[in-house]
Amino acid sequence: MTDLRPFGRTGVLLSPLTLGAMNFGRRGNPDHEDCLRIIHRALDEGVTAIDTADVYSQGESEEIVGKALDGGRRDEVFLATKFHGQIGDSPHHRGNSRRWIVREVEQSLRRLRTDWIDLYQVHRPEPETDFDETLGALSDLVHQGKIRYIGTSTFEPSAIVEGQWIAERRGRERVVSEQPPYSILARGIEREVLPWPSVTAWRSSRGVRWPAAGWPAATTGTWPDRSPGGRNASRPGSTPGCRRTGASSRRCRNWPRSSPTPGCR
Amino acid sequence: MQELATLVADAGLSLIHLAIAFVLEHPAVTSAIIGPRTVEQLESQLGAVKVRLSRDVLDRIDQIVPPGTTLNPADAGYQPPSLTDPARRRRTAR
């Protein structure tokens, strides 16, 4: 592809396009072989990052990505997934609690056929759950080697800042990215989310240790039925593009989208 | 939308390339997530990384959709309880 870009201040470099896997599976393209062709083509063209979520087709997207990377391609990819959305019917199988995170990460690892997730993201905020519960569980996963980095999606500026405070005051791992919807039609994050990395740099220059961030995810595109810390915006997203064009993200985080839909994209 | 269609025609770009290149233009964005459902959709998106938008094109985008503006709030992906729950906005709810 073209030049790689720094993933916040993690030291990791990513391709400017991340392959969003939301459309792989029964909610998008149910033909697994065809999905594998899309994934392999993207990797062959220089895409180095894949973003999926446990809720995308209720685990089927992760299974397809796992199948595509099985057989030697796992290390080529910076693999991102998410938790939070309802899986099945049990009230225990959703949310941002330690109980669910510790259980669901194992299921994502199994579906993805890997020993580690590069970026594990909180798919949506959950104001009624103490974020220290969430960050504490995620920090443990980092220490256990099951995930490498922690990210968020669709977090508001105040929640992003709160996450950094909690990490600093309670000795937790920091959130390094945010994946928000971002597109020509959805520019709200230009107000307070996207400027954050610059503020970070300023504080750093003053000797204040502050986390970095800024990812990914700008979404563009298409949200079928559903994007940056960073911030993904890279996550894809309904307007001009969307379902029809497949451009997305953040929408999936995801841009030009057309029909917004509630729920997790 | 019509204004964006005119803009891409004038600039000689596809709407998809314009959409992705716009996102990649922001210095705080590391990577744009694309969500292809078919190989053809993927192919229509890959070329966007080579597109550089001119100052004129970016200025016209700013005129069509002002910076910091989300036209459809649902596109933000998340609405906090302070907005979704009317009771939190009314002294005499219920």
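In this text the structure is predicted, and so the values were computed from the model without any measurement.

Colleague: Outline the packing of aromatic side chains, supporting the account with residue identities and numerical values.
Modeller: What the rule picks out here adds up to six aromatic pairs over all chains. Centre to centre, the rings of Phe 7 of chain A and Phe 78 of chain A are 5.2 Å apart; their planes meet at 65°, and the pair counts as edge-to-face. Pair noted here: Phe 7 of chain A is in the loop between strand E1 (5-6) and strand E2 (13-14) and Phe 78 of chain A is in strand E5 (residues 78-83), with a separation of 71 residues, a long-range link. A single burial state applies to Phe 7 of chain A and to Phe 78 of chain A, both of which are buried. Note on Tyr 182 of chain A and Phe 22 of chain B: the rings are 5.5 Å apart at their centroids and 45° apart in plane angle, and the pair reads as tilted. One end of the pair, Tyr 182 of chain A, is in the loop between strand E8 (175-179) and helix H6 (189-192); the other, Phe 22 of chain B, is in helix H2 (residues 15-25), on a second chain. As far as the burial class goes, Tyr 182 of chain A and Phe 22 of chain B line up, both buried. Taken together through their ring pairs, the aromatic side chains of Phe 7, Phe 78 and Tyr 149 of chain A make up a single cluster. A cation over an aromatic ring shows up here: Arg 74 of chain A above the ring of Trp 116 of chain A, its NZ or CZ 3.8 Å from the ring centre.

Colleague: Break down the side chain of Ser 31 of chain B for me, citing the residues and quoting the values.
Modeller: Looking at the secondary structure, you find Ser 31 of chain B in the loop between H2 and strand E1 (32-34). Overall, the relative accessible area of 0% leaves Ser 31 of chain B in the buried class. A polar contact of 3.2 Å, which involves the side chain of Ser 31 of chain B, links it to the backbone oxygen of Pro 16 of chain A. Within the local environment of Ser 31 of chain B, its side chain forms a polar contact with the side chain of Thr 18 of chain A, the two groups lying 2.6 Å apart.

Colleague: If you had to explain the confidence of the model for chain A to someone new, which residues and values would you point to?
Modeller: Scored by pLDDT, chain A comes out at a mean of 81, with 73% of its residues at no less than 70. In the predicted structure, residues 201-264 of chain A sits below a pLDDT of 50 and forms 421 contacts with residues beyond four places in sequence or in another chain.

Colleague: Give a detailed account of the pattern of salt bridges, specifying residues and quantitative values.
Modeller: Within this structure, the stated rule accounts for 20 salt bridges over all chains. Here Asp 70 of chain A and Arg 113 of chain A are joined by a salt bridge, their closest N and O atoms 3.0 Å apart. Taken as a pair, Asp 70 of chain A in the loop between helix H2 (60-69) and E5 and Arg 113 of chain A in the loop between helix H3 (98-112) and strand E6 (117-122) lie far apart in primary sequence, 43 residues in all. Judged by its relative accessible area of 42%, Asp 70 of chain A is partly exposed. Classification of Arg 113 of chain A by relative accessible area gives partly exposed; the value is 45%. Between Arg 98 of chain A and Asp 140 of chain A there is a salt bridge whose closest N-O contact spans 2.8 Å. Of this pair, Arg 98 of chain A sits in helix H3 while Asp 140 of chain A sits in helix H4 (residues 131-143), placing them 42 residues apart in sequence. Among the residues examined, Asp 140 of chain A registers a relative accessible area of 28% and is labelled partly exposed. Within this structure, Arg 41 and Glu 45 of chain A together with Glu 43 of chain B form a network of salt bridges that share partners.

Rules and cut-offs
Residues numbered from 1 in each chain as written. Chains lettered and ligands numbered in written order. Predicted model: local features only at pLDDT ≥ 70, side-chain atom pairs only at ≥ 80, totals over all residues. Heavy atoms only, no water. Phe/Tyr/Trp six-rings, centres within 6.5 Å; stacked < 30°, edge-to-face > 60°. Helix = DSSP H or I, 4+ residues; strand = E, 2+ residues; numbered from the N terminus. Buried < 20%, exposed > 50% of the residue type's maximum accessible area, 1.4 Å probe, protein only. Lys NZ or Arg CZ within 6 Å of the ring centre and 35° of its normal. Polar contact = N/O pair within 3.5 Å; in protein donor to acceptor, adjacent residues only side chain to side chain. pLDDT = per-residue confidence, 0-100. Contact = heavy atoms within 4.5 Å. Salt bridge = Lys/Arg side-chain N within 4 Å of Asp/Glu carboxyl O.

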